[in-house]
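Fold and contact review
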Amino acid sequence: MLVVVELAFAPDEPGRLELRPSHRQTLSGLHERGILRMSGPWDDDSGALLIFETDTEGIKQILAGDPYYSAPGVTVVSVREWNPILGAFSG
């Protein structure tokens with residue numbers, strides 16, 4: 001199952017920026033394990049999109065286990081299952 005997480009960022013929030021290096025390290029580990037398929041910020045740094053290959057319980061653990069997702073200046077806009085029909089992620 002693919003789960004898409006959309007984040008929104010408040011501009012230049014120190015709490016978010018302080019946590020970003022450890023957050024990116026966590027993301028690298030998830031990517032190496034095949035759980036995080038893709039991630040990155042919007043071009044204007046107003047937020048980000050992350051695509052995980054996990055189930056509902058897995059995404060709950062990921063979001064709860066990384067303080068970045070609840071940091072000042074970070075809003076989890078949506079967490080949705082995604083069912084692509086074309087492209088690299090299609091089944």
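Our structure is the block above this text.
Reference entry: report on the structure contained in this document. Since the model is a prediction, treat every value here as computed from it, not as a measurement. What you see as residue numbers is a count from 1 along each chain, following the sequence as written. Confidence filtering applies because this is a predicted model: local features only for residues at pLDDT of at least 70, side-chain atom pairs given and counted only at 80 or more, and all residues used for totals across whole chains, interfaces and linings. For side-chain calculations, the full set of non-hydrogen atoms in the structure is used, while hydrogens and water are omitted.

1. Some words on the sheet that holds strand β2 (residues 36–41)
Applicable threshold: A pair of strands counts as paired when DSSP detects no fewer than two bridges linking them. Per the convention used, a helix needs a DSSP run of H or I reaching at least four residues, while a strand needs a run of E reaching at least two, with both numbered from the N terminus. Orientation is described by axes fitted as lines to C-alpha atoms, over the contacting stretch for helices, and by angles from 0 to 180 degrees between their N-to-C directions. Whether two residues are in contact is decided by their heavy atoms: any pair within 4.5 Å suffices.
Taken in spatial order, the four strands line up as β2-β3-β1-β4 in an open sheet, and their pairing is antiparallel. Each having just a single partner strand, β2 and β4 (74–82) make up the two edges of the open sheet. Taken pair by pair, the neighbouring strands of this sheet meet at an average axis angle of 10°, ignoring direction. With five bridges connecting them, β2 and strand β3 (residues 47–53) associate as antiparallel partners. Paired with M38 across the strands is I51, a residue of β3. Strands β1 (2–9), β2, β3 and β4 of the sheet are contacted by helix α1 (residues 14–32), whose axis makes an angle of about 155° with β2.

2. Section: the nonpolar core
Rules: Working definition of a nonpolar core: buried Ala, Val, Leu, Ile, Met, Phe, Trp, Tyr and Cys residues. They are joined through side-chain atoms within 4.5 Å. With a 1.4 Å probe rolled over the protein chains alone, any residue whose accessible area is under 20% of its type maximum counts as buried; one over 50% counts as exposed, and the rest are partly exposed.
Of all hydrophobic cores here, the largest spans 17 residues; its most connected members are V5, L7, L30, L50, F52, I62 and Y69. Among the elements of the structure, β1, α1, β3 and α2 (56–65) are those that each provide at least two residues to this core. For this core, the leading source of residues is β1, giving four residues. Filtering out sequence-adjacent residues up to four positions away, L30 remains in contact with I35, L36, F52 and I62.

3. A few points about the packing of aromatic side chains
To be explicit about the condition: To pair, rings of Phe, Tyr and Trp, with the six-membered ring standing in for Trp, must have centres within 6.5 Å; the planes then decide the type, stacked if under 30 degrees apart, edge-to-face if over 60, and tilted in the middle. By definition, being over a ring means that NZ of Lys or CZ of Arg is both within 6 Å of the ring centre and within 35 degrees of the ring normal.
Per the counting criterion, the structure on display carries two aromatic pairs. Aromatic pair Y68 and Y69: ring centres 6.4 Å apart, planes at 80°, arrangement edge-to-face. Cation over ring: R16 sits above F9, and NZ or CZ is 4.2 Å from the ring centre.

That is the geometry; function is a separate question.
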